Amino acid sequence: MKIEPESPVYHERLTSPRTLVLFLGLALLFGLLFAWRLSTAGIDTLGVILLCFAVIFLFYVLNYHSLEIVISPQSLKLKFGIFRWTEGLDNIACCQIDELPWLLKYGGAGIHFMTVNQRYRASYNFLEYPRVVIALKRKRGLVCDLSFSTRQPEQVIQTLCGINGSK
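Residues numbered from 1 in each chain as written. Predicted model: local features only at pLDDT ≥ 70, side-chain atom pairs only at ≥ 80, totals over all residues. Heavy atoms only, no water.

Peer 1: When you look at the sheet that holds strand β8 (residues 131–140) in this model, what are you seeing that I'm missing?
Peer 2: In sheet architecture, strand pairing relies on hydrogen bonds along the backbone and comes in two forms, parallel and antiparallel. Spatially, β5-β8-β9-β7-β6 is the arrangement adopted by the five strands of the open sheet, whose pairing is mixed. Unpaired on one side and paired on the other, β5 (92–97) and β6 (110–116) mark the two borders of the sheet. Shown here is a sheet whose adjacent strand axes are inclined to one another by a mean of 20 degrees, direction ignored. (Pairing = 2+ DSSP bridges. Helix = DSSP H or I, 4+ residues; strand = E, 2+ residues; numbered from the N terminus. Axes fitted to C-alpha atoms, helices over the stretch in contact; angles between N-to-C directions.)

Peer 1: I tried to follow the pattern of salt bridges on my own but got confused; where do I start?
Peer 2: Once the charged atoms of two side chains with opposite charge are near each other, the side chains can pair. All told, the structure shown has seven salt bridges when counted by the stated rule. Residues R37 and D44 are paired through a salt bridge, measuring 2.4 Å at the closest nitrogen-oxygen approach. D145 serves as the salt-bridge partner of R119, at 2.7 Å between the closest nitrogen and oxygen. Placement of R119 in strand β7 (residues 119–125) and of D145 in strand β9 (residues 143–149) is noted, with a sequence separation of 26 residues between them. Looking at R119, the relative accessible area reads 30%, which means it is partly exposed. (Salt bridge = Lys/Arg side-chain N within 4 Å of Asp/Glu carboxyl O. Buried < 20%, exposed > 50% of the residue type's maximum accessible area, 1.4 Å probe, protein only.)

Peer 1: How do you make sense of the sheet that holds strand β1 (residues 10–15) when you look at a structure like this?
Peer 2: With respect to topology, four strands assemble into an open sheet ordered β1-β2-β3-β4, the strand pairing being antiparallel. Of all strands in the sheet, those with a lone pairing partner are β1 and β4 (83–88), marking the two edges. Direction aside, neighbouring strands of the sheet carry axes that sit 10 degrees apart on average. Pairing of β1 with strand β2 (residues 66–71), which is carried by six bridges, proceeds in the antiparallel orientation. Its bridge partner lying in β2, Y10 is registered against I71.

Peer 1: What's the story with the packing of aromatic side chains in this structure? I'm lost.
Peer 2: Each pair of aromatic rings is reported with the distance of its centres and the angle of its planes. All told, the structure shown has 15 aromatic pairs when counted by the stated rule. Ring centres 6.4 Å apart and planes at 80 degrees place the aromatic pair F59 and Y64 in the edge-to-face group. Judged by relative accessible area, F59 falls into the partly exposed class, the value being 33%. A relative accessible area of 9% means that Y64 is categorised as buried. When the ring of F80 is compared with that of F126, the centres are 5.2 Å apart and the planes differ by 75 degrees; the resulting orientation is edge-to-face. In this pair, F80 is assigned in strand β3 (residues 75–80) and F126 in the loop between β7 and β8, connecting sequence segments 46 residues apart. (Phe/Tyr/Trp six-rings, centres within 6.5 Å; stacked < 30°, edge-to-face > 60°.)

Peer 1: Looking at this structure, how should I read the pairing of β8?
Peer 2: Each regular strand shows side chains that alternate between the opposite faces of the sheet. Here β5 pairs with β8 via five bridges, running antiparallel. Looking across to β8, one finds that C94 is bridged to A135. In this structure, β8 lies alongside β9, joined through six bridges in antiparallel fashion. When the sheet's bridge partners are listed, V133 is paired in β9 with S147. In sequence, β8 turns back onto β9 through a hairpin of two residues, with G141 there showing a positive phi of about 65 degrees.

Peer 1: Help me understand the side chain of T159 in this model?
Peer 2: Tracing the sequence through the fold places T159 in helix α4 (residues 153–164). Discounting residues that sit within four places of it in the chain, T159 has contacts with V9, Y10 and I71. (Contact = heavy atoms within 4.5 Å.)

Function cannot be inferred from these measures alone, as they are strictly geometric.
Here's what the structure looks like:
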């Protein structure tokens, strides 16, 4: 069987009801606080700030609904709402299960940028799933490593390492 160059060899879509409920709750909380502030004090700076937080968390509800992972013979593609990351497999130095300190691991869902072991990292994640981290051979801007949540970290690692021969 011949695999077409862009045919996916691995595909996964993650959703997180817990994250959705968290972001929806925060959007409603800030929306209600804005409505209360509007009715008691009219439009003021605090009211605008509360409205901004409500809109931001509403965006999170809509954008961070699902994370899609697609691995083809040429690339790894991550899609989190309107945000996408495509990495050529030839730029992957190694991949492994991501072990983070508690605060970094549970510091939030969505897309985050952080420094781990003095390497700048982009992370596409949901809190309740394990993560895989890949080290890049060539940095993308400041990013040296890319991590993402998956239900099947061992299979993702095996797929990535099997295609490009990395560790």
